[in-house]
Structure formats: C-alpha cells, structure tokens
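Structural features, examined
Chain residues, written in single-letter form:
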Amino acid sequence: MLLWYIAGALGLLLALRSLWLRLLLSRAKHPSLAGHARIARLLARLVPYYEYDETRFFNADDAPAEVAAARRAGFMQLSQLYAERFAKGAALAREVARSVSDLQFTMRYRVPFQFSRMVRQNLPGGTFLESSSGVTVADVDGNCLYDVSGSYGVNLFGYDFYKECIERGAEKVRALGPVLGAYHPLVADNVRRLRELSGLDEVSFHMSGTEAVMQAVRLARYQTRRRYLVRFCGAYHGWWGDVQPGVGNPLPPEATYTLRDMDAASLRVLRTRRDIACVLVNPVQAMHPNASAPADSGLIDSARSAHFDRAAYAAWLKELRTVCTERRIVLIFDEVFVGFRLARGGAQEYFGVRADLVTYGKSLGGGLPVGVICGRRDLMKRYDQEHPADVCLARGTFNAHPYVMGAMHEFLTRLESAPIHALYRDLDAVWERRAATLNARLQAAELPVQVANLSSIWTLNYLKPSRYNWMFQYYLRAHGLSLSWIGTARLIFSLNYSDADFAEVADRIVAAAEAMQREGWWWQNPALTDKAIRRRVLRELLQAWWSTSSIGSTSSPRSKCSGARQ
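Residues numbered from 1 in each chain as written. Predicted model: local features only at pLDDT ≥ 70, side-chain atom pairs only at ≥ 80, totals over all residues. Heavy atoms only, no water.

1. Quick look at the confidence of the model for the protein
Filter applied, for reference: Note on scores: pLDDT gives the predictor's confidence for each residue, bounded by 0 and 100. Whether two residues touch is decided by their heavy atoms; if any such pair falls within 4.5 Å, the residues are in contact.
Of all residues in the protein, 93% have pLDDT values of 70 or greater, and the mean over the chain is 91. In this model, residues 552-566 is a region of pLDDT below 50 whose contacts with residues beyond four sequence positions or in other chains number 47 contacts.

2. Remarks on a nonpolar patch on the surface
In plain terms, the rule: Like charges are joined within 9 Å and nonpolar side chains (Val, Leu, Ile, Met, Phe, Trp, Tyr) within 5 Å, but only among residues with over 30% relative accessible area and no salt bridge; these make up the patches. Throughout, the Shrake-Rupley method with a 1.4 Å probe supplies accessible areas, and for residues the shown protein chains are the sole cover considered. Only one rule defines a salt bridge in this text: a Lys or Arg side-chain nitrogen within 4 Å of an Asp or Glu carboxyl oxygen. Helical segments are the DSSP runs of H or I of at least four residues, strand segments are the runs of E of at least two, and each set is numbered from the N terminus.
A grouping of Leu 33, Ile 39, Leu 42, Leu 43, Leu 46, Trp 545 and Trp 546 is seen on the molecular surface, where their side chains present a nonpolar patch of about 670 Å² in accessible area. Every element with two or more residues in the nonpolar patch is listed here: α2 (37-46) and α20 (530-548). It is α2 that provides the largest number of residues to the nonpolar patch, a total of four residues. Here Trp 546 shows up in helix α20.

3. Looking at the nonpolar core
Inclusion rule: Side-chain atoms within 4.5 Å link the members of a nonpolar core, which is a set of buried Ala, Val, Leu, Ile, Met, Phe, Trp, Tyr and Cys residues. Think of it in three bands: with a 1.4 Å probe and only protein chains considered, a residue is buried below 20% of the maximum accessible area for its type, exposed above 50%, and partly exposed in between.
Of all hydrophobic cores here, the largest spans 129 residues; its most connected members are Phe 157, Val 279, Leu 320, Leu 364, Phe 411, Met 471 and Phe 472. For this core, the leading source of residues is helix α19 (residues 499-518), giving nine residues. In contact with Phe 411, other than residues within four places in its own chain, are Phe 157, Phe 161, Tyr 162, Cys 165, Phe 340, Ser 363, Leu 364 and Gly 366. Counting residues in hydrophobic clusters, the runner-up holds 20 residues, among them Tyr 222, Leu 280, Leu 379 and Cys 392.

4. Observations regarding the pairing of strand β12 (residues 387-391)
What counts, and what does not: Strands pair, by our definition, only if DSSP identifies at least two bridges between them.
The pairing of strand β11 (residues 383-384) with β12 spans two bridges and is antiparallel. Looking at the pairing, Tyr 383 lines up with Val 391 of β12. Taken together, β11 and the strand that follows it, β12, pair antiparallel across an intervening segment of two residues.

5. Some points on helix α15 (residues 402-415)
To be explicit about the condition: A helix is expected to span 1.5 Å for every residue after the first.
Compared with the 20 Å implied by 1.5 Å per residue over 14 residues, the 20 Å span of α15 between its first and last C-alpha is a close match. Of all the residues in α15, the buried ones are Pro 402, Val 404, Met 405, Gly 406, Ala 407, Met 408, His 409, Glu 410, Phe 411, Leu 412, Arg 414 and Leu 415. On its buried face, α15 is in contact with α8 (159-173), α9 (186-198), β4 (202-206), β10 (371-375) and α16 (418-424).

6. Side note on the state of the cysteines
Structurally, a disulfide amounts to a covalent bond that connects the sulfur atoms of two cysteines. Our working rule: Put simply, a disulfide is two cysteine sulfurs that come within 2.5 Å.
Per the stated rule, a full pass over the model turns up zero disulfides. Between Cys 392, a free cysteine, and Cys 278, which holds the nearest cysteine sulfur, the sulfur-to-sulfur gap is 12 Å.

7. Structural notes on the sheet that holds β10
Our working definition: The convention used is that axes are lines fitted to C-alpha atoms, helices contributing only their stretch in contact, and that angles between N-to-C directions extend from 0 to 180 degrees.
On the basis of which strands lie adjacent, the open sheet formed by seven strands has the order β4-β10-β9-β8-β7-β5-β6 and mixed pairing. Looking at which strands have only one partner, the edges of the open sheet turn out to be β4 and β6 (256-259). Taken pair by pair, the neighbouring strands of this sheet meet at an average axis angle of 20 degrees, ignoring direction. Bridge count between strand β5 (residues 228-232) and β6: four bridges; the pairing is parallel. Residue pairing in the sheet places Val 230 in a bridge with Tyr 257 of β6. Across the sheet, helix α10 (residues 209-224) lies against β4, β5, β7 (276-281), β8 (330-334), β9 (357-361) and β10, angled at about 150 degrees from β7, the strand it touches most.

8. Describing the sheet that holds strand β15 (residues 481-482)
Ordered by their spatial adjacency, four strands build an open sheet running β1-β2-β3-β15, and the pairing between neighbours is mixed. The open sheet has two edge strands with one neighbour each: β1 (129-133) and β15. In the sheet, β1 pairs with strand β2 (residues 136-139) via four bridges, with the strands oriented antiparallel. When the bridges of β2 are listed, Ser 133 appears paired with Thr 136. Along the sheet face, α8 touches β1, β2 and β3 (144-147) and points at about 100 degrees away from the line of β1. This element, α19, spans β3 and β15 of the sheet and lies at about 105 degrees to β3.

9. Focus on the pattern of salt bridges
Within this structure, the stated rule accounts for 32 salt bridges. Across the salt bridge formed by Glu 51 and Arg 117, the nearest N and O atoms sit 2.9 Å from each other. Taken together, the positions of Glu 51 in the loop between α2 and α3 (54-58) and Arg 117 in helix α7 (residues 113-122) put the pair 66 residues apart, joining distant regions of the chain. In this structure, Asp 275 and Arg 273 form a salt bridge, with 3.1 Å as the shortest nitrogen-oxygen distance. A single salt-bridge network, built from bridges that share partners, covers Asp 189, Arg 192, Arg 193, Glu 196, Arg 344 and Glu 416.

Written out as structure tokens, the structure is:
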C-alpha cells in the first residue's frame, strides 16, 4: 500500500512540475499574435476578403470631400506618370504574372488588401530591370533609379563589385566547369578564410540561407539528443516549417517554442527545461524585437515601430550566451541577412558575443546563391563514431558548386583588401550621421515620417495616425528610388554609397514626402488614432465575415461593408 502512495505522490509531483513548466512557457510567449502561432493561423483563415470601391478608397478615414478630391487627383496624376514612365515594365509584369506565382503574390501584397486591386490596376510595381551601375539600376523602360532594395541584403558592396566577383570567380574555375560532387581547390582557401572570420572550427556548404539554417538546427538536435528549438517572436529564419510556425506555414510545427525576445521570462524557460536543443537568433530583430519583419502590406495604421539600441541588445545576447552555456543549449546566430554588413566579423564581432553555430548566405556567395554553416567541431560532426549507423544526413547536388566557390573566393579575398577595410571604418558613425541628417530635414519640413536604422538597414516609421502610409512607396518610385516589394519597410543601402549619392536619395525622399503631404494622404483628423483605425478595420472585417458566412449571407463572395465593391 505504501508503494502506491509513493507512486501517487511522485505522479502528482511530476504533474505539478509539468504544469509549472507549462506556465513558465506561457508567460514567456509574447502577447501579440506573432507570439501565438496557432491563434494567428486560425484567425488568418477567418479573415474575409473585401475591398474598397473607388469612393471609399480615397476617404477610408472619413476625410472631407476636398481632401478626398485632392487624393483622387494626386492618385490619377501618379497613375498617368506610371503609365508613361513604366509602360514596358508594366506590360511585361502583366504578361509574366499569369504564369509566375511568385509575381502574383508580390503584386497582391504590396499594400493592405482592401486597397490592393485599385493599386494594381493603376500603379503597377517595378519588376523588370536591365542593368546596374554604381548605386543605380536601370529598368526596361530606360529609367535610372537609385537602388535602396539591396537585393534582399545581397548587395553589400555595390553591384559592380559583385559583377566582378562573378566574372573573376568564373575565370578561376572555368577549366573545371560545373563538375559536381568533387571540390575545386579554391574550397580549401574559402574554408580557411571562413574559419578566421567566424572564429569557429568547421564549415559546411549549402545552396541557400534557408537550407543552412535547416541543417544547423538538425545538427543541434542530433548532437544534443534534444527535440525543441527556440526562436524569438517575430524573427525570420527562412520559410521552412519549424522556424515559421505562424501564418504562411500550412502545418503547425511540433517541436518549436516561440518566446519573447529580450525578456527574462524566456531565460527562465531556457534554464528550467531539459528538452531544448538550440536557440536561433536573427540579429536584425534588434531593430524591432518581438515584431515580425515589416512590410507595407501591413500598414493599416501608423503603429510600425523600429528602434535600435546596440548596448541593450548586446547585453541581452550576453545573457542568452551565459544561459545557453549553462544548459548546454546550442546558440545559433542566423546571419544570412546581416552577415558582413555590421562588421567584417559579422554580428559576433559587432555585439561581442560568440555563437556555437553561425549561418551565412546572400552576400557571401559573391553574387551567386549560397548557404554556409560555421560551427564548433563537436557540433558539426554528422556521425557517431561509436555507432556507425547513427548519422545526420545533409546532402545537396549543388553544394560547393565550383562557380559559387569561385565567386565566394573572390568575395573573401576582396573582403581583406584596403578599400573594403576603409568602408568598415567608422561604419556606424557614417550611417548614423546620414539617418540623423535626413530625419532633421523631414522634421524641419513638418513631414510625419522618420527613419530608424541598424547601420545601413533602414525602416521608415510614420508619426501620425493614417490609413495611407503605404502610398509613400509609390511616390518614392516616382521620384527615382527602386524599392523591394515590401515597400518602405526596408531600405537597404550598399556601403559604396558616397555622401553625394546619399544626398541625392535624401532629396528624393523629402520631395516624395512633400508630394504625399501636398496631395492630402497625410491629412490629420485629431480624433483619428491608431487604436480608432484598428477598431474600424475590425468592424469592417466582422461585417465582411457576417455578410459572407452561412449565417449572414450566402449570395455574395464579397462584403458590402465600408463601400466594398460587389
């Protein structure tokens, strides 16, 4: 009988411990939807489609008639400019979009969906480019645009730099050509340089940043014999399932914890659980901890916030490093996006914290696709010496492709050159000064927009509540700037921007903002707060859901609410 009591007491203790751990985990989740992936996916499936008709398009904030008229006139004038200036590119986009699903997606999600159809019809986005030179690109219509897209982070030192890396790299490996499986001799030098830059023991080559992160997590799980990975709320680590637990992933991952960034509650979870294999960190999150990567498609109001505090984020990473060391959790820095942009030694050097595994991509390939893992020797091993059938597979047909290795070799060689060292000199001071100068100009002109930056990575913040901030990307393009499809969420500058080049870009940003202001898009109603905007959109969503549900109506696929078109 006593044994039964002991067994019952032990069972109760285990149950209480499990509940306690679950409570700690719940408290470490961010209260936003980004911190609750299952709820976010559920709500995403419930959000109904509706769109504004032409009247509501211009006064979604109940602007007076004269303001709506000014917006309409500005929009139509901008539409005419686009039709004349970007005609060939728009025609190509329409032709190709019918067969390219990627383009269909990016064209649809440049702005909030309620406005999307009319924008697509009148302001077709730029997609087709023919050439690049210096800090500019030329589109198929012959327009020369200052590039602030950064090619998703690839363009660190300027497009001419990468053209030369590709050309000279190809010359180095041309005799071998596309022979796969074996290594070109340049691999040995690439490995030596990567070990020196990362401060780690071994290197593994892959075909993309997403693939490199996948393998880093797999190695961590294999070596620790633990199941769970920890990612922080809002962080992006590629599109594969385990690191994208929310909207965008059809299936919920079974072995991922999404915790609050820069929060003591998350450290408590790491200290108390025994099932965590690794922690993933994307250093660009320092700009917006716990918020997803920004995009203009989400600009329903002016709640976007970005701010970088280097000291605070460095202190957080040091705490995280300490806890991971104590608990034998693998700390992975995902530097696919920021690698070599913040410092020659990457985020490890910039923040003064060493990771166990580091993933690189983008710029490292010298302009060609690549993914790389650098790691500690004990973590990189893919087999158990004592159990020869126990292995951790990672294969790829194009891993260490000779042409990629040639371009990478040229990139790494130039990374050690005097001109590149000069670009890193006072890097933060240069970009802080440029951001401050532009912000001062915007403030002096009483324009409701400011920039926040992590070195040469910028985000535009909007200072007054508005339904129309997403329009700014179209004015910027009209004033000669080339942005990525996410609009003003990321302006990524290459480090070869001179002060004169930047002054040109600053002039265009200010001129575009003045046009936005002049044509009424930033009209301000004192009663219109960001909270009021969100409440209105929520009411519209509920009305649209009601009208399209089996309870409300089964006759129409589109809502009539808020002037939505039938």
